[in-house]
Amino acid sequence: MNSTKRISPWAWVPTLYFAQGIPYFIVNNISVLMFAKMGVPNGEMALFTSLLYLPWTIKPFWSPFIDIIKTKRWWIISMQILMSIAFILLTLSIPKPDEATIAAGTTPISMFTITLVLFIITAFASATHDIAADGFYMLGLNNKEQSFFVGLRNTFYRFASIFGQGVLVMLAGWLETLQNNVPLAWSITFYLMAGLFLALTIYHRFMLPYPD
């Protein structure tokens, strides 16, 4: 009996797809809201944030190389580690424009150069993670289990959407009101989110099975 049979799909399918959804919504939705709250002009913000979706569009170009280089399990864990590091660095890279600049909506996007680079790294890592996770799902489950868990994995992906676009946004807004400091509020929000994602990464390091 291999390790795939010893680890129940209930132990990893929900968390894997929750972890799959978080970076997507952080990069494509939360980043836009954060830049707007920081006073970045809409024109500059739209130009750069639209490019962040590119990795998910072009991911079929490098998906054939995933299996050639390493196993899907290796890619999942490696990409989660990379994204955890990127999220931690994001908390340190968020600039601190003054209140007058934020209120005037004249914060230059150039202040967020490092932040944007980290978002881009996260986007490519997340797109690669998507490829590996979907392939791993096919390897780790038999046909009957795949049919049974398909609804569950979609549900937890939606939970990631609710968490990313609802819980984190509410938390950032509450912290803004409490601290009266927009940059600090977003730094704390990303810090807590980075901690959660790191915990998921450590969990998957031990709980993901080893399919044949």
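All of these numbers come straight from a predicted model, not from anything done at the bench. (Residues numbered from 1 in each chain as written. Predicted model: local features only at pLDDT ≥ 70, side-chain atom pairs only at ≥ 80, totals over all residues. Heavy atoms only, no water.)

Could you give an account of the confidence of the model for the protein chain, with specific residues and numbers?
Summarising the model, the protein chain shows a mean pLDDT of 91, and 97% of its residues fall at 70 or more. When pLDDT is averaged over each helix and strand of the protein chain, the minimum, 50, is found for helix 1 (residues 3-6) and the maximum, 96, for helix 6 (residues 72-93). Considering only residues more than four positions removed or in separate chains, one finds that residues 1-5, a stretch of pLDDT under 50, has 10 contacts. (pLDDT = per-residue confidence, 0-100. Helix = DSSP H or I, 4+ residues; strand = E, 2+ residues; numbered from the N terminus. Contact = heavy atoms within 4.5 Å.)

Explain the packing of aromatic side chains to me, using residue names and the numbers behind them.
All told, the structure shown has 19 aromatic pairs when counted by the stated rule. Ring centres of Tyr-24 and Phe-25 lie 5.2 Å apart, and the angle between their planes is 90°; on these two criteria the pair is classed as edge-to-face. Pair check on accessibility: Tyr-24 and Phe-25 agree, each one buried. Site record: aromatic cluster; members linked through ring pairs are Tyr-24, Phe-25, Tyr-53, Trp-56 and Tyr-157. (Phe/Tyr/Trp six-rings, centres within 6.5 Å; stacked < 30°, edge-to-face > 60°. Buried < 20%, exposed > 50% of the residue type's maximum accessible area, 1.4 Å probe, protein only.)

Quick rundown of the packing of helix 2 (residues 13-37) against helix 6? Include the residues and the values.
In contact at an axis separation of 12 Å, helix 2 and helix 6 are set at 40° when each is read in the N-to-C sense. Overall, the two elements helix 2 and helix 6 adopt an arrangement that is oblique. Regarding helix 2 and helix 6, the two cross each other, and that crossing is left-handed. Residues Leu-16, Ala-19, Pro-23 and Ile-26 of helix 2 touch helix 6, and the partners they reach there are Ile-76, Gln-80, Met-83 and Phe-87. Across the contact of helix 2 with helix 6, the residue classes break down as seven nonpolar, one polar and no charged. (Axes fitted to C-alpha atoms, helices over the stretch in contact; angles between N-to-C directions. Parallel < 35°, antiparallel > 145°, perpendicular 65-115°, else oblique. Left-handed = near helix turned anticlockwise from the far one by under 90°. Nonpolar A, V, L, I, M, F, W, Y, C, P; charged D, E, K, R; others polar.)

Break down the pattern of salt bridges for me, citing the residues and quoting the values.
Going through the model one piece at a time under the given rule, you end up with three salt bridges. The partner of Glu-176 in a salt bridge is Lys-37, with the nearest N and O atoms 3.8 Å apart. Within this pair, whereas Glu-176 is found in helix 9 (residues 143-179), its partner Lys-37 is found in helix 2, the two being separated by 139 residues in sequence. In this structure, the salt-bridge partner of Lys-59 is Asp-130, at a minimum N-O distance of 3.6 Å. Of the two residues, Lys-59 sits in the loop between helix 4 (54-58) and helix 5 (64-69) while Asp-130 sits in helix 8 (residues 113-140), which places them 71 residues apart along the sequence. According to the relative accessible area criterion, Asp-130 is buried, its value standing at 4%. (Salt bridge = Lys/Arg side-chain N within 4 Å of Asp/Glu carboxyl O.)

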